[in-house]
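Chain by chain, the residues run as shown.
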Amino acid sequence: MTDYKHQLLERLHNRSAKVGIIGMGYVGLPLAVEFARAGYTVIGLDVLPDKVDKLNAGISYIPDVPTEDLAPLVRAGKMRATTSYDDLRDADAISICVPTPLRKTKDPDMSYVIAAADEVAKVCHPGMLVVLESTTYPGTTEEVIVPRLFNNGLAVGSEVFVAFSPERVDPGNPTYGVRNTPKVVGGVTPACVEVVTALYEPAVERVIPVSSPTAAEMVKLLENTFRAVNIGLVNEMALMCQRLGVDVWEVIEAAKSKPFGFMPFYPGPGLGGHCIPIDPLYLSWKLRALNYTARFIELASEINTSMPYHVIKMVMEALNGEGKALHGAHVGILGMAYKRDIDDVRESPALDVHELLEEKGAIVSFNDPHVLSVRLSGERLVRSVELSPEWLSAQDCVVIVTDHSDYDPAFLLEHARLIVDTRNKIGRRTGKAKVVRL
Ligand code: SAJ
């Protein structure tokens, strides 16, 4: 009986292991670089030939992975890319880092994970470790990955090893990257835990084993549900403070003075990004199938998705205070990205604000120094306008939706006439413009 576990451990320990990574995006590429730096030979698989060509030329397309970090690894033969699963046939370990978005029906879209798992099953061989990193509902590893490998006739835990390890990549984070962010791992069997731990240990400072893949899947969902629910809570606090005539920003700042038992979150125009609005809905979807309603998740989602509508109401009331109707008013949006100082507009509340304002008859334009254009529904392309005094003064109302660092409050106060500030960007500063704050 071949001892595949010890053979694999040996190849991982002496770095002769070959590691395949499926999905060379903001999760897979940084992981590939850390694995290659650790000494493994890495093959990154992506379905987009353009990405594969760039990577094989040593060129990075992910801001968090500088080309000068990638190129030497490619030149040294420690890393290459491919579009063909055949190139993974002799991999000792494969890490699946593909997207897990939502369908239009707000149900999980598992198509990328299933496609990858089906392909991995075709190239899987005795002695291989398969790790799923994509954020997903609890049970996915056992219900989607394991059966495909088992159907291949491979015994999990002795011939093939399977684990889940949640990605914790925070794009643009200057402090935390793959190496210094602890890595949670959950193996199907103790042998799986051993080998998945051995895979990551040379590439990350701390590996945190948990008792099962489902526990590891749940760790990630707790992390991001924690954020979504607390953001929903603070958004509701903002709605309550408005009714009470209390400044929610002042309340949060004062609450932050508590040195224990409190963590600040901030109200805003809604919840954007490809993680926080989506991951908790994977959990609530799974629990509905188990006849349980995840009330906090659903309530937080309801509040967070209502915030763009609240922003429209604020704009209407602010214009009304100036004797103007929203219909026919020129409204300028500052910031289209889902959070400050990035260029990502996925699930951005600014998209909702833009479309809702237009539905009410406003004449809408936007500025975002990081987002040169966006596609609204119906594939309509809208371009960012220059942040000029002329543009600002031509707006009946300016709405700060994303608090990019580039925005200078004094400049906005000087040239805008009316500002609705959903991010406390202006703060307590005063100037020519009238300011209404969330
Ligand atoms: N937001 C608020 N109020 C807050 C915090 C965030 O309205 O107090 C909004 C943001 O404007 C944005 C959305 O929520 O629209 C999500 O913001 P985020 O800070 O959670 O940023 P993300 O989506 O980039 O989340 C990522 C996550 N990382 C991973 O999933 C690996 C999350 O777990 C991180 O905690 C987060 O980055 C982070 O801390 O920056």
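Residues numbered from 1 in each chain as written. Predicted model: local features only at pLDDT ≥ 70, side-chain atom pairs only at ≥ 80, totals over all residues. Heavy atoms only, no water.

(A) Main features of the overall build of the protein chain. Check the secondary structure of the protein chain and you find 14 helices and 15 strands. The C-alpha radius of gyration of the protein chain comes to 24 Å, within 12% of the 22 Å expected for a compact globule of 438 residues. Expressed as lengths along the three principal axes of its C-alpha atoms, the size of the protein chain is roughly 85 × 50 × 45 Å. The buried share of the protein chain, taken over its 438 residues, is 53%. Counted over contacts in the protein chain with a minimum sequence separation of 6, partners at least 24 positions apart contribute 67%. (Helix = DSSP H or I, 4+ residues; strand = E, 2+ residues; numbered from the N terminus. Rg over C-alpha atoms; globule rule 2.2 N^0.38 Å. Buried < 20%, exposed > 50% of the residue type's maximum accessible area, 1.4 Å probe, protein only. Contact = heavy atoms within 4.5 Å.)

(B) Molecular detail of the pairing of strand 6 (residues 160-164). Burial of strand 6 is extensive: five of the five residues sit out of reach of the surface. Across the two faces of strand 6 the burial is the same, with Val160, Val162 and Phe164 and Phe161 and Ala163 all buried. For strand 5 (residues 128-132) and strand 6, the ladder comprises five bridges, and the chain directions are parallel. Paired with Leu132 across the strands is Phe164, a residue of strand 6. In this structure, strand 6 lies alongside strand 7 (residues 183-187), joined through two bridges in antiparallel fashion. Along strand 7, the bridge assignment pairs Phe164 with Gly186. (Pairing = 2+ DSSP bridges.)

(C) Quick look at the sheet that holds strand 8 (residues 207-210). What the eight strands build is an open sheet, ordered 3-2-1-4-5-6-7-8; its pairing is mixed. Strand pairing shows two members of the sheet lacking a second neighbour, strand 3 (79-82) and strand 8, which therefore form its edges. Going across the sheet, the axis of each strand differs from the next one's by a mean of 25°, ignoring polarity. Strand direction decides the pairing type here: strand 7 and strand 8, joined by four bridges, are parallel. Each bridged residue has a counterpart across the sheet, and for Gly186 the counterpart in strand 8 is Val210. Strands strand 1 (18-22), strand 4 (93-96) and strand 5 of the sheet are contacted by helix 5 (residues 111-123), whose axis makes an angle of about 170° with strand 4. (Axes fitted to C-alpha atoms, helices over the stretch in contact; angles between N-to-C directions.)

(D) Seen up close, the domain arrangement of the protein chain. Domains assigned within the protein chain are domain 1 (4-210) and domain 2 (279-437). Relative to domain 2, the C-alpha centre of domain 1 lies at a distance of 37 Å. Of the residues lining the interface, 14 residues belong to domain 1; the matching set on domain 2 comes to eight residues. For the pair domain 1 and domain 2, the summed buried surface comes to about 1000 Å²; carbon and sulfur atoms form 64% of the total. Between domain 1 and domain 2 we count two salt bridges in total. Here Lys339 makes a salt bridge to Asp170, at a shortest N to O gap of 3.7 Å. Linking domain 1 with domain 2 are four residue pairs in polar contact (both at pLDDT 80 or more), by the criterion used here. Its residues assigned to classes, the side of domain 1 that touches domain 2 comprises six nonpolar, three polar and five charged. (Domains from an automatic or database assignment. Buried area = accessible area lost by both parts, 1.4 Å probe. Salt bridge = Lys/Arg side-chain N within 4 Å of Asp/Glu carboxyl O. Polar contact = N/O pair within 3.5 Å; in protein donor to acceptor, adjacent residues only side chain to side chain. Nonpolar A, V, L, I, M, F, W, Y, C, P; charged D, E, K, R; others polar.)

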